[in-house]
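Understanding the architecture of this molecule
Letter by letter, the chains look like this.
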Amino acid sequence: MLKPLRQGLPPLDPAAVSNAASCALPARYEAVREARLFTRRTLDQWDVGERFDDICLVVSELVTNALRHAVPGESDRSAVPQAPAVRLHLMRWTERLVCAVRDPSHDTPAPRDSDDFSAESGRGLFLVDSFSDSWGWHPLAGTLSGKVVWALFRLQAAE
């Protein structure tokens, strides 16, 4: 059912972005709460209608996955003077919104195969797939290292 996607965002005109916001998140689990608060404040200003809760849930899952699977563990961080941070980007077009989470890992985001729907972990990408209209990931190029995992939401046009 779920397959990891190594693809870029669907074609979106960068000149048509009506709003954009981003924040750096520290390499600790408290950053998930910070990401949720940042997302809620931003979406309140952008008036995204009925997709508000879906977007907040997906941001939480993407940031949690980045912190859990893509950021070096505590023991690995001691060798690195400054642990790489995760970065959350929110971009809004008239009828679309993209959440993108940048992390330092080159590993492919892979959904877990599990039939245990009562498990407390392992369902993050399943939720991302279920609540967004599409999602994917792509490696960063140039001087940036790591990858971006993104989720796209279609928004209803303003009346």
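Residue indices begin from 1 for each chain and proceed along its sequence in written order. Under the rules for a predicted model, residues below a pLDDT of 70 receive no local features and side-chain atom pairs below 80 are neither given nor counted, while totals for whole chains, interfaces and linings still include all residues. As a convention, hydrogens and water are excluded, and side-chain values are obtained from all of the structure's heavy atoms.

Time to look at the overall build of the protein. By definition, any uninterrupted DSSP run of H or I lasting at least four residues is a helix, any uninterrupted run of E lasting at least two residues is a strand, and each is numbered from the N terminus. Within the protein one finds four helices and five strands. From first element to last, N terminus to C terminus, the protein shows the α and β order β-α-α-α-β-β-α-β-β. Each accessible area is a Shrake-Rupley estimate made with a 1.4 Å probe; only the visible protein chains count as cover when residues are assessed. With an accessible surface of roughly 9,200 Å², the protein has 48% of that area assigned to carbon and sulfur atoms.

A few words on the packing of helix H2 (residues 52-70) against helix H4 (residues 124-131). A fitted line through C-alpha atoms serves as each axis, taken over the contacting stretch for helices, and the angle formed by two N-to-C directions is quoted from 0 to 180°. For the pair H2 and H4, interaxial distance at closest approach is 9 Å and the crossing angle is 150°. As the angle between them shows, H2 and H4 are arranged roughly antiparallel. Seen from above, H2 lies across H4 with left-handed handedness. Facing H2, whose interface residues are Asp54, Leu57, Val58, Glu61, Leu62 and Asn65, H4 presents Gly124, Leu125, Leu127, Val128 and Phe131. For this classification, Asp, Glu, Lys and Arg are treated as charged, while Ala, Val, Leu, Ile, Met, Phe, Trp, Tyr, Cys and Pro are nonpolar and the rest, including Gly, are polar. In the contact of H2 with H4, the residues fall into seven nonpolar, two polar and two charged. Relative orientations are named as follows: roughly parallel for angles under 35 degrees, roughly antiparallel for angles over 145 degrees, roughly perpendicular for angles from 65 to 115 degrees, and oblique for any other angle. By convention the crossing between two helices is left-handed if the near helix lies anticlockwise of the far one by an angle smaller than a right angle, and right-handed if it lies clockwise. In this description, contact between two residues means that some pair of their heavy atoms is separated by no more than 4.5 Å.

We now examine the pairing of strand E5 (residues 147-154). Accessibility here uses a 1.4 Å probe with only protein chains present; expressed as a share of the type maximum, an area under 20% marks a residue as buried, one over 50% as exposed, and anything in between as partly exposed. Across the eight residues of E5, seven count as buried, placing the element largely inside the fold. Judged from the eight bridges that link them, strand E3 (residues 96-103) and E5 form a sheet pairing that is antiparallel. By the bridge assignment for E5, alanine 100 is matched with tryptophan 150. Pairing between strands is defined by DSSP: at least two bridges between them are needed. Pairing geometry for strand E4 (residues 134-139) and E5, over six bridges, is antiparallel.

The alternating pattern of strand E2 (residues 86-92) places Val86, Leu88, Leu90 and Arg92 on a buried face and Arg87, His89 and Met91 on a face that is not buried. Where E2 meets E3, six bridges bridge the pair, whose relative direction is antiparallel. Residue leucine 88 lies in a different strand from E3, and its bridge partner there is valine 101. The turn joining E2 and E3, which pair antiparallel and follow one another in sequence, is formed by three residues.

On to the nonpolar core, then. Only buried residues count toward a nonpolar core, which is a set of Ala, Val, Leu, Ile, Met, Phe, Trp, Tyr and Cys residues joined through side-chain atoms within 4.5 Å. Counting 35 residues, the largest nonpolar core has Leu88 and Leu97 as its most contacted members. Elements that contribute at least two residues to this core include exactly strand E1 (19-25), helix H1 (31-46), H2, E2, E3, H4, E4 and E5. When residues in this core are grouped by element, the largest group, nine residues, is from H2. Not counting chain neighbours up to four residues away, the residues in contact with leucine 88 comprise Ala21, Ser22, Cys23, Leu25, Ala35, Phe38, Thr39, Val59, Ala100 and Val101. Membership of the second largest hydrophobic core comes to seven residues, among which are Trp93, Ala100, Val148 and Trp150.

Purely geometric stuff here, so don't read any function into it on its own.
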